[in-house]
Structures are given as C-alpha cells and as structure tokens.
Amino acid sequence: MNAPVKTDNAELIVPEGVFAETVLSVTHYTDHLFRFRMTRPAGFRFRSGEFAMIGLMVEGKPIYRAYSIASPSWDEELEFFSIKVPNGPLTQHLQRIQPGDKVLMRKKPTGTLVLDALTPGKRLYMFSTGTGIAPFASLIRDPETYEKFEEVILTHTCREVAELKYGFDLVDEIKNHEFLAELVGDKLKHYATVTREDYPFKGRITDLVENGKMFTDLGVPPLDPAIDRGMICGSTAMLKDTKALLEKAGLTEGANNKPAEFVIERAFVG
C-alpha cells in the first residue's frame, strides 16, 4: 500500500499485535502543531500519563513513534498532540490525516509519567515544553490526580504565544466539564511562558525556577522535597536542566518500581 493513510483503493493490512483505529477529528493549532482524536480499541487499558507506539503504513511498511496519550484513562476516545516535521519519517504523513483515516497503534502502553511512580505529596509540578504537555493533558483530566494532590501546577513553555493554545484549551475544557469542573475547582494552576515573543510570562522554565520568578508569580514557596513532587516532559536539554534543579532542591528521581519525588519521560523528544 503506497498511500500512508488512505484506504479507498486498497485494503489496510494490519500487522499482528497492532490495533488499526479510525481518526475522528483533527485540529491544527499552528504550522507546527496539531491534535487528533481517534477511536479507542475495546479492552485497551492504560494509566494516565503513559505513551503508546502509534504509526502509519508508509510504502507498505509500518512506521511507529512513541506518542504520549493525551486523553485521560477514562475517556472513550484517544487523543494525541503532535509536532509537524516536514521530513519526519512519520509526522510528514501523520500531519495530513483526516477523519475516517486509519492509524496504527501497538497494544501495550508504557511510561514513567504515572502517579504510581511518585511518593505521596501535597503539590505536584508538571514541567513541559512544546508537545511535552501531552501526558499532562491526560493527567490533569484524571480525577485520581486531584485525589492524591492538593495543588497541581502545569507549566508549559513554548517559543511563540500561538503554541500555547492547546494548553489553554485544556484548562477551559476542565472548567466547563460536567464533573471535572467541580472536582478540580481551584486546585489546578496553569503557568504558560514563551521564549521568543513578548508575553506577561517570558523565559525558559528552568530560568524562572532558578531565579524564583515562577514561585513569586504563582504565590507558592520554593521547592520542598517534603511536600513537592515533579514530572518532566520536554526536549532533551530541558529534561537535563530541570532534573538538575529538582535534585538541587533535594528531590530524588523515581520510577515505576521505585517511587520517589520526581519522574522524567525520556521516550519523548520534541
């Protein structure tokens, strides 16, 4: 099959152990960012914050990449938030999908950005850049997050203001949701910053943590390993720098088999 997603004239051959799901909607935010929702396979289970391997058939071969599932575990559909890479092996095709097209997904989700990998705490920080907000899109819409933490702070840093829209849409969705609005209340704080345009909150999140401006802006005390927990998802440099700041504050990195004060998703690059 030569066409990556169209199946009008050829039957899609689905590899063994793989789901083939139908695209339900596509939203393009900028020339570089888009969201899509697709059907959820019957019996597919995941923990909010995990990622799945999704892909397309390209020239008769499946191509997969790791994508955080942006929808919460209770959602009847699956949502993903993606960058557009002009010559990316997968994204150059994925960015052209339309409702009705088929997307492949391997059956086993995984990942470290899950609540089980953190020890109990009071305040949860979710540090994200770019499409690294995707796993947190799942977690901020999961009731369990607010059962475990009194305060949830989502930080999202992008180059341009237009790239922040997905995050603002998420928060608006929660505020207007039939049961999440009351459950979340004022527990969720959204701290959006940009690095290349004028904006009330400007700068790299690592700089804003290090110089204390983030804490001042949010009206919260500096990081305290006794009560603060963290999750990090973003570019490789951002992961390294944010990890160093959390460790400097006394927090220890955890994992699924060894919960601690913060976790990192290293499968993500964007």
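Quick caveat: nothing in here was measured; it's all calculated off a predicted structure. (Residues numbered from 1 in each chain as written. Predicted model: local features only at pLDDT ≥ 70, side-chain atom pairs only at ≥ 80, totals over all residues. Heavy atoms only, no water.)

A few words on the sheet that holds strand β10 (residues 228-233). Across the sheet, five strands lie side by side as β9-β8-β7-β10-β11; this open sheet has parallel pairing. Because the sheet does not close on itself, it has two edges, and the strands there are β9 (188-194) and β11 (262-264). Strand-to-strand, the axes of this sheet are offset by a mean angle of 10°, without reference to chain direction. By the bridge criterion, three bridges tie β10 to β11 in an arrangement that is parallel. By the bridge assignment, glycine 230 is partnered in β11 with phenylalanine 262. Against the sheet, helix α8 (residues 236-248) contacts β7 (123-129), β10 and β11, and its axis sits at roughly 170° relative to β10. (Pairing = 2+ DSSP bridges. Helix = DSSP H or I, 4+ residues; strand = E, 2+ residues; numbered from the N terminus. Axes fitted to C-alpha atoms, helices over the stretch in contact; angles between N-to-C directions. Contact = heavy atoms within 4.5 Å.)

Attention shifts here to the environment of threonine 195. Mapping threonine 195 onto the fold places it in the loop between β9 and α6 (205-210). A relative accessible area of 27% places threonine 195 in the partly exposed class. For the pair threonine 195 and lysine 108, spaced 87 residues apart in sequence, the C-alpha separation works out to 36 Å. Not counting residues up to four positions away in its chain, the partners in contact with threonine 195 are Thr157, Cys158, Arg159, Lys202, Gly203 and Arg204. (Buried < 20%, exposed > 50% of the residue type's maximum accessible area, 1.4 Å probe, protein only.)

A few words now on the environment of alanine 244. Note on placement: alanine 244 falls in helix α8. Residue classification places alanine 244 among the partly exposed positions, given a relative accessible area of 42%. Along the chain, alanine 244 and threonine 39 lie 205 residues apart, while their C-alpha atoms are 39 Å from each other.

We now examine unusual backbone geometry. Here glutamate 59, not a glycine, exhibits a phi torsion of approximately 50°, which is positive. Residue classification places glutamate 59 among the exposed positions, given a relative accessible area of 64%.

Moving on, we get to helix α4 (residues 165-175). Among the residues making up α4, those that are buried are Tyr166, Gly167, Leu170, Val171 and Ile174. Buried residues along α4 cover an arc of 140° about the axis, so they all sit on one side. (Arc of directions from axis to C-beta.)

Let's shift gears to the UniProt feature "domain: FAD-binding FR-type" (unreviewed entry) in the protein chain. UniProt's feature table lists "domain: FAD-binding FR-type" (unreviewed entry) at residues 16-116, given in the numbering used throughout. Span residues 16-116 is 4% helix and 46% strand, its end C-alpha atoms 30 Å apart. (UniProt positions renumbered as here; feature names shortened; annotations may be inferred.)

For strand β8 (residues 151-158), the tally of buried residues reaches eight of eight residues, placing the bulk of the element in the interior. Of the two faces of β8, the one holding Glu151, Ile153, Thr155 and Thr157 and the one holding Val152, Leu154, His156 and Cys158 are both buried throughout. Of the pairings in the sheet, the one linking β7 to β8 comprises seven bridges and is parallel in character. Note on β8: the bridge partner recorded for leucine 124 is valine 152. Where β8 meets β9, seven bridges bridge the pair, whose relative direction is parallel. Pairing of valine 152 across the sheet is with leucine 188, part of β9.

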